[in-house]
Structures are given as structure tokens and as C-alpha cells.
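# Notes for the structure review
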Amino acid sequence: MSKKSTLAIVLALASSAAAAHPQAGGAHVHGFLDGFAHPFTGLDHLLAMVAVGIWSVRQPNAKWLPATFIGMVLVGVLTGVAGLTIPGLETGIALTVATMGVLIAVAARLPAAVGVSMVGVFAVLHGNAHGHELPAASSAFGLLLASAVLVHGGRVLGRVSPALALKVSGAAIAATGVMLAATV
């Protein structure tokens, strides 16, 4: 087994979608640092945000993808704070990871409008989960900053990584998303 495969399996086993937002425990009110740390504590959010960055670099006319993602995370947070419950949220979040991984693995290029719409919907799902968990405004600002850092980090990886490494990473991200969906 390759080092990358082993790393993907270890990461998948070390974190779960439920660890990032245990909704059974009710909403928690935390500050900026809690909001900032939150995307890093759930493999689903971490991989989705990095994957959006990686994929966005490879898209034609897609300069708005990162900004759309961050803006729609905010919309999602507001829906969560308002109490909107999205049926199948955790499964949907896991499937965003799988979908982004597949898009990276096959080097898919989509029309800009399709890419922006898809990334926007994915961001609303992630934001909604965070809005239920961290409804305080300071937490939301931390979350948005962390999301921007992760998406930008993905963009850097997308620019400097060889195409084959990106395809293998995309496959690992997709497999992790499928595993996360299976555990929901």
C-alpha cells in the first residue's frame, strides 16, 4: 500500500463527520477561535474546502469560485442560526467531499455557471452545519476566515502539484467522502 493510501485511510479513521458537529448535543456558543478551529476538526469540512480550492485552479473562467464558496458558507451559517434543518445534511456534506474528489481525480472542467452553482450549494450545506453548531457572530467570523485559509491553501496546492499527484489526491478525497457517507 502506498504512503498516500495509508495516510488517507489513517485520516479517514481518525476523524468522522459526526465529530465536527454533534447536533444531538445542541448548539454551543463559542468564540472566534472555536469557529476558526471548527473546519480543521472535521475531515469532511477540511477536505471539502481544500478540494474546492484545488479544483477551482483548474477551471476556466472560475475566478469567482473561492469567493462564492466563502459567501455561500455565510448564507449557510445564517440558515443554520435561523434554525433551518436540511434533511440528510451529514450525508450531503460527505457527498460533497466525494464529488469534489471525483472532479479533481478526473480533471473535470465545468462551465463557470455550473461550477459556481455547485460550489455554492456545497457551501450552504457546510455552512448550515456550522450555523447549528456555532451560532455566535464571532464564531462565524472565525469559521469564514478558516474556510478562506483552507480554500486558498487548496488553490496553492492546485497550482504547485503535478497533475498526477492531484488526480491521486482527488481519488483519495473521493474515497474518503464515500467512507464518510457510509458512516453517517
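Here the structure is a predicted model, which is why all the values come from computation and not from measurement.

## Considerations on the overall build of the protein
Check the secondary structure of the protein and you find nine helices and zero strands. Shown N-terminal to C-terminal, the secondary structure of the protein runs as helices and strands in the order α-α-α-α-α-α-α-α-α. Per-residue burial for the protein yields a buried fraction of 48% across its 184 residues. Long-range contacts, defined as pairs at least 24 residues apart, comprise 88% of the intrachain contacts of the protein with a sequence gap of at least 6. By element, 74% of the accessible surface of the protein is carried by carbon and sulfur atoms, the whole surface being about 8,400 Å².

## Section: the packing of helix α4 (residues 43-57) against helix α7 (residues 112-133)
Direction vectors running N to C along α4 and α7 enclose 160°, while the axes themselves pass 11 Å from each other. Between α4 and α7, the crossing angle belongs to the class labelled roughly antiparallel. Considering how the two elements wind past one another, α4 and α7 form a crossing that is left-handed. Together, D44, H45, A48, M49, V52 and W55 of α4 and G115, M118, V119, H126, A129 and H130 of α7 make up the contact between the two elements. Broken down by class, the residue content of the contact of α4 with α7 amounts to seven nonpolar, four polar and one charged.

## Thoughts on the side chain of T96
For T96, the location among the structural elements is in helix α6 (residues 89-105). Ignoring any residue separated from it by four or fewer positions in sequence, one finds T96 in contact with A48, F122, L125 and H126.

## Structural notes on the confidence of the model for the protein
Detailed reading of the predicted coordinates is not advisable wherever pLDDT falls low. With 84% of its residues at a pLDDT of 70 or more, the protein shows a mean pLDDT of 86. By mean pLDDT, the top-scoring element of the protein is α6 (97), and the lowest-scoring one is helix α2 (residues 17-20) (42). This model gives residues 7-28 a pLDDT under 50, and the stretch forms 41 contacts once residues within four places in sequence are excluded.

What counts, and where the lines are drawn
Residues numbered from 1 in each chain as written. Predicted model: local features only at pLDDT ≥ 70, side-chain atom pairs only at ≥ 80, totals over all residues. Heavy atoms only, no water. Helix = DSSP H or I, 4+ residues; strand = E, 2+ residues; numbered from the N terminus. Buried < 20%, exposed > 50% of the residue type's maximum accessible area, 1.4 Å probe, protein only. Contact = heavy atoms within 4.5 Å. Areas by Shrake-Rupley, 256 points an atom, 1.4 Å probe, with all protein chains shown as cover. Axes fitted to C-alpha atoms, helices over the stretch in contact; angles between N-to-C directions. Parallel < 35°, antiparallel > 145°, perpendicular 65-115°, else oblique. Left-handed = near helix turned anticlockwise from the far one by under 90°. Nonpolar A, V, L, I, M, F, W, Y, C, P; charged D, E, K, R; others polar. pLDDT = per-residue confidence, 0-100.

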